[in-house]
Amino acid sequence: MKKTDEEAGAKELGFSGKDLAELVSATVEKGASFRLKARGFSMSPFIRDGDILTISPPEASDIALGKVIACRHPLNAGLVVHRMIGVQNGRYCLKGDNVSAADGFVPRENVLGVVGKIERAGRSVSLGLGKERVLIAFLSRLDFLGLLSLARVVKHLWSKKSEVRDAGNR
Amino acid sequence: MSQAVSIHKIYEVSEDVVAREIQGELIIIPITSGVGDLEDAMFTLNEHGKSIWSKLDGKKTLGGIVEELENEFDGSQNEIQKDVLGFVKELFRKRILVEKNR
């Protein structure tokens, strides 16, 4: 038997989204939470690549506006962890905070859990999970968060340009 | 319940464990304090371990498992028994396996 966090961690095994959805599902079905590393930038800045998420089994009242939900994608059965920004006919609309388009609507039975904890560099991060989540969901629907990301990129490029110009003037 | 692992006892996978075969690897995630931790507490088994694991069905004693493995692997009965006991002891200590009450 080998311990895998050094020899063959989740990253090295290259779990697919479908594999992760299966592991999350099997764990929450036992009434337990599931802890895993977030991959990607779709929920930036509230969830960053490499953050550790704890996904808890969903109670009916937990699936509320603005909550970050883990679900099985209705088309490819992969794990998706995005924010719930609306409900229609009992189906939940999910969207990444850093993505322009919503994922679409997922049925209740596809919901695997709710993100209750985010850890970054060994510390617990709460921004994006508290009462502000409702405002974030509202702004996400307007794609305002996407505009903020664009503004940050423009600001970064502008500062780089200034550095190059200043270096050339010396 | 006796804590000593015995060749005459039956063991099975604890209910507080998630085990799935993924990409040819058997992934074992113990649930500790209500959390299954993929980042810090995941195990995989090598081929030998997978063979032993597959026979832990809660019906056979470890002695019965040793007899089956004698037909599948080279090695004396003593060697195989030692491997099985060592494997089960480690998983029993980590509460991944539990003794089945008859």
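Because the structure is predicted, anything quoted here is derived from the model rather than measured. (Residues numbered from 1 in each chain as written. Chains lettered and ligands numbered in written order. Predicted model: local features only at pLDDT ≥ 70, side-chain atom pairs only at ≥ 80, totals over all residues. Heavy atoms only, no water.)

**A look at the overall build of chain B**
Counting its regular elements, chain B contains three helices and seven strands. Each helix and strand of chain B, ordered N terminal to C terminal, gives the series β-β-β-β-β-α-β-α-α-β. A compact globule built from 102 residues should have a C-alpha radius of gyration of about 13 Å, and chain B, at 14 Å, falls within 12% of that. Along the three orthogonal principal directions, the C-alpha set of chain B runs to about 40 × 35 × 20 Å. Within chain B, buried positions represent 48% of all 102 residues. Across chain B, contacts joining residues at least 24 apart in sequence account for 56% of those joining residues at least 6 apart. (Helix = DSSP H or I, 4+ residues; strand = E, 2+ residues; numbered from the N terminus. Rg over C-alpha atoms; globule rule 2.2 N^0.38 Å. Buried < 20%, exposed > 50% of the residue type's maximum accessible area, 1.4 Å probe, protein only. Contact = heavy atoms within 4.5 Å.)

**Topic: unusual backbone geometry**
All names here are of chain A. With an omega of 5°, the peptide bond between Ser44 and Pro45 qualifies as cis. Position of Pro45 among the secondary structure elements: in the loop between strand E2 (33-37) and strand E3 (52-56). In this structure, Ala121 is a non-glycine residue whose phi angle is positive, near 50°.

**Focus on the sheet that holds strand E6 (residues 57-61) of chain B**
Residues and elements named next belong to chain B. Read from one edge to the other, the open sheet built from three strands follows the order E6-E1-E7, with strand pairing classed as antiparallel. Only two strands of the sheet have a single partner each, and these edge strands are E6 and strand E7 (97-99). Adjacent strand axes in the sheet meet at a mean angle of 30° when their direction is disregarded. Note that strand E1 (residues 10-13) and E7 share three bridges and pair antiparallel. Residue pairing across strands places Glu12 opposite Val98, the latter belonging to E7. Across the sheet, helix H2 (residues 62-70) is in contact with E1 and E6; its angle to E6 comes to roughly 80°. Strands in contact with helix H3 (residues 77-93) are E1 and E7; relative to E7, the strand with the most contacts, it is inclined by about 95°. (Pairing = 2+ DSSP bridges. Axes fitted to C-alpha atoms, helices over the stretch in contact; angles between N-to-C directions.)

**What to know about a nonpolar patch on the surface**
Together, Leu135, Phe138 and Leu142 of chain A make up an exposed nonpolar region whose accessible area comes to about 340 Å². Along the chain, the position of Leu135 of chain A falls in helix H4 (residues 133-141). (Patch = residues over 30% accessible without salt bridge, like charges linked within 9 Å, V, L, I, M, F, W, Y side chains within 5 Å. Areas by Shrake-Rupley, 256 points an atom, 1.4 Å probe, with all protein chains shown as cover. Salt bridge = Lys/Arg side-chain N within 4 Å of Asp/Glu carboxyl O.)

**A few points about the pairing of strand E8 (residues 111-120) of chain A**
Along a regular strand, successive side chains alternate from one face of the sheet to the other. Residues and elements named next belong to chain A. Of all ten residues in E8, seven are buried, a share of seventy percent or more. In this structure, E3 lies alongside E8, joined through five bridges in antiparallel fashion. Along E8, the bridge assignment pairs Thr54 with Lys117. As paired elements, strand E4 (residues 68-72) and E8 share three bridges and run antiparallel to each other. Along E8, the bridge assignment pairs Cys71 with Val111. Strand direction decides the pairing type here: E8 and strand E9 (residues 123-125), joined by three bridges, are antiparallel. Following the sheet pairing, Arg120 is matched in E9 by Arg123. Hairpin remark: E8 followed by E9, antiparallel, with two residues in the connecting loop; positive phi at Ala121, about 50°.

**Quick word on the pairing of E3 of chain A**
All names here are of chain A. Burial of E3 is extensive: four of the five residues sit out of reach of the surface. As paired strands, E2 and E3 are joined by four bridges and run antiparallel to one another. Bridged to Leu36 within E3 is Leu53.

**With respect to the confidence of the model for chain A**
Close inspection of predicted coordinates is inappropriate for parts of the model with low pLDDT. In the predicted model, chain A carries a mean pLDDT of 86, and the fraction of residues at 70 or more is 86%. When the criterion is pLDDT under 50, residues 1-11 of chain A qualifies, and its contacts beyond four places in sequence or with other chains add up to 33 contacts. (pLDDT = per-residue confidence, 0-100.)

**A word on the pattern of salt bridges**
Per the counting criterion, the structure on display carries 15 salt bridges over all chains. We note a salt bridge from Glu22 of chain A to Arg20 of chain B, for which the minimum N-O separation is 2.7 Å. Taken together, the residues Glu22 of chain A in helix H3 (residues 17-28) and Arg20 of chain B in strand E2 (residues 17-22) connect one chain to another. Arg20 of chain B sits in the partly exposed class, given a relative accessible area of 28%. In this structure, the salt-bridge partner of Glu21 of chain B is Lys50 of chain B, at a minimum N-O distance of 3.3 Å. One end of the pair, Glu21 of chain B, is in strand E2; the other, Lys50 of chain B, is in helix H1 (residues 47-54), with 29 residues separating them in the sequence. Judged by its relative accessible area of 15%, Lys50 of chain B falls in the buried class. Connected through salt bridges with shared partners, the residues Lys55, Asp57, Lys60, Glu68 and Glu72 of chain B form a single ionic network.

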